[in-house]
Amino acid sequence: MRRLLLVLLLVLSFPAAAWAVPPAVSVPPPPPSEKRPVKDFIHGVEVIDDYRWLEGDNSNPDQMGKMNEEVSSWTDAQNERTRAVLDNLPGRRALEDRLRDLMEIGSVSAPAMRGNRYFYTRREGNQNQPRIFVREGYNGEPRLLLDPVAVDPSGLTALGGLAPSRDGKFLGFGLHRAGDENTTIYVMNVDSGVWLTDQIDGKASFIEWMPDNSGFFYRRLADVKNPYSAQIKFHVLGTHPGQDKLLFRQYTRKENEQLATTWGPGATVSRDGRWMVITYWTSTSSNDLWVIDLDQWRKDGTFHKQEIKVGA
């Protein structure tokens, strides 16, 4: 409601001249959309699709819906007519100019304070992606650590989270491309800005660093095509992720039909690295809960879950 009132106030604040009817423009007619009926029988019912051809080329089962010249031309014609109508609406340009000023206000995230360093993201209004900065002390000079556009000039690579180590010497961060959210974790030496060789894919996300920077816990999907394959793992810095220890994973359908398709497991680690709390979503409003003694796990590899609340 507030947003609607804001838009109305903006509209009413424009001078009458802004809403003057522009000279008549030539609007192309709607492009023809030929009917080419395709019949399917679904559960014994005949279903006719007159516009299956607009899905693209379906002649190759391995590339269903591939864009072809015919569909591309039809889409261009539709867009041309749409723009001819919308771009000439009375007052559109004045409203667009005012909204652009408001929408291009920049943003700065809350800082993550590690050691004497402050890590945060910043995006100017005309930038597609936020960038990561660090300050030495709260009033230090901002230093750019990561610009996704410098990594990928196409602008299609986006930041998928950041996690500084406890002392601020290392920065874990995620990147994903073209909106797929299949984040890959990378690690940077903050002093030098050099990326380490560590690289973990699989829609991965950080949980916590160990206090001594020996490694970090993270969550990933065993199969990015299966959203119900989450794992909690530990990565030793400088090693191959294939060696990472699996600590907990999502239930399979065979193990628990109901809990195999929830959001699955998550974890947090105490600041001193002594305790881990494992959660497991059982519904949209509840979860199971365990605590693990990580000192015991590091000593003999025993990952014993002490129940706090399960099934209640």
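Structure report, in brief. Since this is a predicted model, take the numbers as computed values, not measurements. (Residues numbered from 1 in each chain as written. Predicted model: local features only at pLDDT ≥ 70, side-chain atom pairs only at ≥ 80, totals over all residues. Heavy atoms only, no water.)

Regarding the overall build of the protein chain
Turning to step 1, where the next piece is worked out: Helix and strand counts for the protein chain stand at five helices and 19 strands.
Turning to step 2, where the next piece is worked out: Taken over C-alpha atoms, the radius of gyration comes to 27 Å for the protein chain, far larger than the 20 Å a tight globule of 312 residues would show.
Turning to step 3, where the next piece is worked out: C-alpha extents for the protein chain along the principal axes are approximately 80 × 65 × 40 Å.
Turning to step 4, where the next piece is worked out: The buried share among the 312 residues of the protein chain stands at 30%.
Turning to step 5, where the next piece is worked out: When the accessible area of the protein chain is evaluated, it comes to approximately 19,500 Å², of which 53% is carbon and sulfur surface.
Turning to step 6, where the next piece is worked out: A distance of 5 Å separates the average location of the 38 positive side-chain charges in the protein chain from that of its 40 negative side-chain charges. (Helix = DSSP H or I, 4+ residues; strand = E, 2+ residues; numbered from the N terminus. Rg over C-alpha atoms; globule rule 2.2 N^0.38 Å. Buried < 20%, exposed > 50% of the residue type's maximum accessible area, 1.4 Å probe, protein only. Areas by Shrake-Rupley, 256 points an atom, 1.4 Å probe, with all protein chains shown as cover. Lys, Arg positive; Asp, Glu negative; His and termini not counted. Charge placed at Lys NZ, Arg CZ, Asp CG, Glu CD.)

As for the sheet that holds strand β13 (residues 215-221)
Sheet strands pair via backbone hydrogen bonds, and the direction of the pair is either parallel or antiparallel.
Turning to step 1, where the next piece is worked out: In space, the four strands of this open sheet follow the order β12-β13-β14-β15, with antiparallel pairing throughout. Either end of the sheet is taken by a strand with one partner, and the two such strands are β12 (205-209) and β15 (245-249). Sheet twist, expressed as the average angle between the axes of neighbouring strands with direction ignored, equals 25°.
Turning to step 2, where the next piece is worked out: In the sheet, strand β14 (residues 230-236) pairs with β15 via four bridges, with the strands oriented antiparallel. Looking at β15, one finds that Q231 is bridged to R249. (Pairing = 2+ DSSP bridges. Axes fitted to C-alpha atoms, helices over the stretch in contact; angles between N-to-C directions.)

Things to note about the side chain of R117
Turning to step 1, where the next piece is worked out: Within the secondary structure, R117 sits in strand β5 (residues 117-123).
Turning to step 2, where the next piece is worked out: Polar contacts involving the side chain of R117 include one to the side chain of D191, which spans 2.4 Å.
Turning to step 3, where the next piece is worked out: Among all residues touching R117, those that are not within four sequence positions of it are A112, V134, R135, E136, R143, G168, K169, V190 and D191. (Polar contact = N/O pair within 3.5 Å; in protein donor to acceptor, adjacent residues only side chain to side chain. Contact = heavy atoms within 4.5 Å.)

Overview of the packing of aromatic side chains
Turning to step 1, where the next piece is worked out: Taken as a whole, this structure holds 17 aromatic pairs when the rule is applied.
Turning to step 2, where the next piece is worked out: Aromatic pair F170 and W209: ring centres 5.9 Å apart, planes at 20°, arrangement stacked. With F170 in strand β9 (residues 170-177) and W209 in strand β12, this residue pair connects regions lying 39 residues apart in the sequence. The two residues F170 and W209 agree in class, both being buried.
Turning to step 3, where the next piece is worked out: Measuring from centroid to centroid gives 4.7 Å for F217 and F234, while their planes differ by 50°, and the two rings are tilted. (Phe/Tyr/Trp six-rings, centres within 6.5 Å; stacked < 30°, edge-to-face > 60°.)

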